[in-house]
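Here's the letter readout for the chains.
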Amino acid sequence: MKNIPSELIVQILKQLPSDKDLLQCVYVDKRWSYLASELLWYKPNFIRSSSWLAFFTVIQSTQQSFPYTSFIRRINLTPLSTLVEDIHIITLNACQRLERLTLAGCSKLTDIGLCALINQQDHGIGSELISIDLNDVVQVTDTTILKVAFCCPNLQGLNLSMSQEQQLITDISICEVARQCKDLKRIKLNNCTKITEKSAVNLALNCPRLVEVDFTNCDINDNALTKIFNYCRDLRELRISQGDVTNTRISDEGFISSFLTLKQVKDSPVYYYEQLRLVDFTAISTISDQSIKSLIQAAPKIRNLVLNKCINITDESILAICKLGRYLHFLHLGHCSNITDRSITKLATLCNRLRYLDMACCIQITDKSVIELANLPKLKRIGLVKCSNITDISIGALTSHVRIANSLERIHLSYCTQLSVRAISRLLNVCHKLNHLSLTNVPSFLRSDLQQFCRSPPKDFSELQRRPFCVYSGKGVKDLTKFLNTLHETSLILDTNPNNHFFHQSNHYNHSYL
């Protein structure tokens, strides 16, 4: 055993399935103890407040068996977010080799603790940090971010996303991060509403290795978008969605000017963004089909495309999206009311690896689209909220194909007013993996005996909203299925929908489905 190199022992220890097994290796001999301890302390696991207290007792102790603080590379305090205060994280400056720091949700932290932790001159941890997650650390301001810029030259990831609007972080600090942290690859600024095109332009010009940027609800314009596309050719994820459809300074011009330089090589376009996999343009209402066509031409391997509330796009955009073919897995089209069956039926044929499709409020969609979508073998989630033309024929289609019946997990049918209890009962019995079903304001389910299995409505719902609320998830889905089967056995399922034609269609949807 003494002849085995330490590097090989480490690789063996890494294969152990749990920390408990690794802990036993500490007792073999001194060398094993050192190597096992180094792995155990690489990323301390804080699942209880007691483990947190034990951790600080050890790192503050002057008598240690091993240099534990030098073993630590990653710390995640999110599980203890409600307990963490400035005084706690200041003591982490002993972890001089810390590379990744996750403080998501630690809302009690302020600039005082964060700056003291990062400050290089006071033996802070900044020089080694490559990733900092301050998601929902609501009291953080430019002061901390400027400290990060000057003390963390090797920074590659910075998460400043907030669940609510945040105005304490501005262009002043983000522009400095762009200038000082040139290896930056990922930055998230969701809901930092004081961030403008200045930050976006500086990031694009100074950080060419960017692969993920999130400017959700930031004040971004065409100039910023052009700079991002022209200088960040390795982009994998781009989020520039807006919460307010009336507040956007992005137009078709930003896309057209970005992609004008596409060249042709032997009659084939040079794809500038082959790495781009996720694009979120939610509520950018000013863009049209031309923008989507340009995007698809430049980025032919997009996997997740979010176009919710892009109200000006039409079937032409969807036909362009069809060119993504097998690469497209997730497509969000909520509130794109100009879309019709013409493009969705084509989408179902050409993008046969779709896992998720949201068409909420696409009011022109009919059974014809769902019949084609039912052929998708990997579809797990489909959203048809307020697609009022949908009838039991669609449900019959979804239950008539074995593959989709074995893959479908979530289906949203709220406000699809023509659906019957019998059709939904069939759906529940055939789609065994179904764990979420929304039927809010579906008349046939506005019955107390059926609503008893619903989950509770959100607390902030008014009485008017609570009354039609009908969402089943997890155990509720299973209980509803059993209840409907009991009613069926006793012939008590009543079809209360006078418009139900489920049992009167052609032989393609006949009584055998029941």
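As the structure is a computational prediction, the values presented were derived from the model and not from experiment.

Once that is clear, we can look at the state of the cysteines. One pass over the full model with this rule turns up zero disulfides. Summary of cysteine pairing: Cys362 is not part of a disulfide, and the nearest cysteine sulfur, belonging to Cys336, is at 5.7 Å. What makes Cys362 buried here is its relative accessible area of 1%. The thiol sulfur of Cys387 is not disulfide-bonded, and the nearest other cysteine sulfur, from Cys416, lies at 5.8 Å. Look at Cys387 and you get buried, because its relative accessible area is 0%.

What follows deals with the side chain of Ser161. Considering the arrangement of structural elements, one finds Ser161 in the loop between β4 (157–159) and α9 (171–180). According to the relative accessible area criterion, Ser161 is buried, its value standing at 9%. Beyond its immediate chain neighbours, meaning those up to four positions away, Ser161 contacts Leu134, Asn135, Asp136, Lys188, Leu189, Asn190 and Asp214.

On average, residues of the chain score 90 in pLDDT, and 91% of them reach the 70 mark or higher. In this model, residues 496–514 is a region of pLDDT below 50 whose contacts with residues beyond four sequence positions or in other chains number 26 contacts.

Attention shifts here to the packing of helix α7 (residues 111–118) against helix α8 (residues 142–151). Closest axis-to-axis distance for the α7/α8 pair is 9 Å, and the angle between their directions is 5 degrees. Taken as axis vectors, α7 and α8 run roughly parallel relative to one another. Each of Asp111, Leu114, Cys115 and Ile118 in α7 lies in contact with α8, whose residues at this interface are Thr143, Thr144, Lys147, Val148 and Cys151. In terms of residue class, the contact of α7 with α8 is made up of five nonpolar, two polar and two charged.

The next subject is the UniProt feature "domain: F-box" (unreviewed entry) in the chain. Mapped onto the present numbering, the UniProt feature "domain: F-box" (unreviewed entry) falls on residues 1–44. Note that residues 1–44 is 59% helix and 0% strand, and that its end C-alpha atoms are spaced 28 Å apart.

What follows concerns the packing of helix α17 (residues 392–399) against helix α19 (residues 421–430). Contact geometry for α17 and α19: axes closest at 9 Å, N-to-C directions at 15 degrees. Overall, the two elements α17 and α19 adopt an arrangement that is roughly parallel. Read as a crossing pair, α17 and α19 show a hand that is left-handed. Judged by residue contacts, Asp392, Ile395, Leu398 and Thr399 of α17 engage Ala423, Ile424, Arg426, Leu427 and Val430 from α19. Here the residues of the contact of α17 with α19 sort into six nonpolar, one polar and two charged.

Looking now at unusual backbone geometry. Unusually for a residue other than glycine, Ala283 sits at a positive phi of about 65 degrees. Mapped onto the secondary structure, Ala283 falls in the loop between β10 (278–280) and α13 (289–298). The backbone phi angle of Lys309 is positive, close to 65 degrees, even though this residue is not glycine. Tracing the backbone shows Lys309 in the loop between β11 (304–306) and α14 (315–321).

Here we come to the pattern of salt bridges. The tally for this structure, following the rule as stated, stands at 15 salt bridges. For the salt bridge of Arg249 with Glu197, the shortest nitrogen-to-oxygen distance reads 2.8 Å. On the criterion of sequence distance, the pair formed by Arg249 in the loop between β7 (237–239) and α12 (252–259) and Glu197 in helix α10 (residues 197–206) is long-range, its members being 52 residues apart. Arg342 serves as the salt-bridge partner of Glu316, at 3.0 Å between the closest nitrogen and oxygen. Of this pair, Glu316 sits in helix α14 while Arg342 sits in helix α15 (residues 341–350), and the two are 26 residues apart along the sequence. You can call Arg342 partly exposed: its relative accessible area is 49%. The network of salt bridges with common partners includes Arg186, Lys188, Glu212, Glu237 and Arg239.

What follows is about the environment of Cys322. Tracing the backbone through its elements, the reader meets Cys322 in the loop between α14 and β12 (330–332). Residues Cys322 and Ala299 lie 23 residues apart in sequence; the distance between their C-alpha atoms is 13 Å. For Cys322, the residues in contact, after removing those within four places along its chain, are Ser343, Lys346, Leu347, Leu350 and Cys351.

Tallied over the entire structure, the rule returns 18 aromatic pairs. Each residue in the set Tyr34, Trp41, Phe46, Trp52, Phe55, Phe56, Phe66, Tyr68 and Phe71 is aromatic and connected to the rest through ring pairs, giving one cluster. Across the ring face of Tyr272, the terminal group of Arg233 is positioned such that the distance to the ring centre comes to 4.2 Å. Here Lys386 stacks its cationic end above the ring of Tyr415, 5.0 Å away from the centre of that ring.

Rules of the game
Residues numbered from 1 in each chain as written. Predicted model: local features only at pLDDT ≥ 70, side-chain atom pairs only at ≥ 80, totals over all residues. Heavy atoms only, no water. Disulfide = S-S within 2.5 Å. Buried < 20%, exposed > 50% of the residue type's maximum accessible area, 1.4 Å probe, protein only. Helix = DSSP H or I, 4+ residues; strand = E, 2+ residues; numbered from the N terminus. Contact = heavy atoms within 4.5 Å. pLDDT = per-residue confidence, 0-100. Axes fitted to C-alpha atoms, helices over the stretch in contact; angles between N-to-C directions. Parallel < 35°, antiparallel > 145°, perpendicular 65-115°, else oblique. Nonpolar A, V, L, I, M, F, W, Y, C, P; charged D, E, K, R; others polar. UniProt positions renumbered as here; feature names shortened; annotations may be inferred. Left-handed = near helix turned anticlockwise from the far one by under 90°. Salt bridge = Lys/Arg side-chain N within 4 Å of Asp/Glu carboxyl O. Phe/Tyr/Trp six-rings, centres within 6.5 Å; stacked < 30°, edge-to-face > 60°. Lys NZ or Arg CZ within 6 Å of the ring centre and 35° of its normal.

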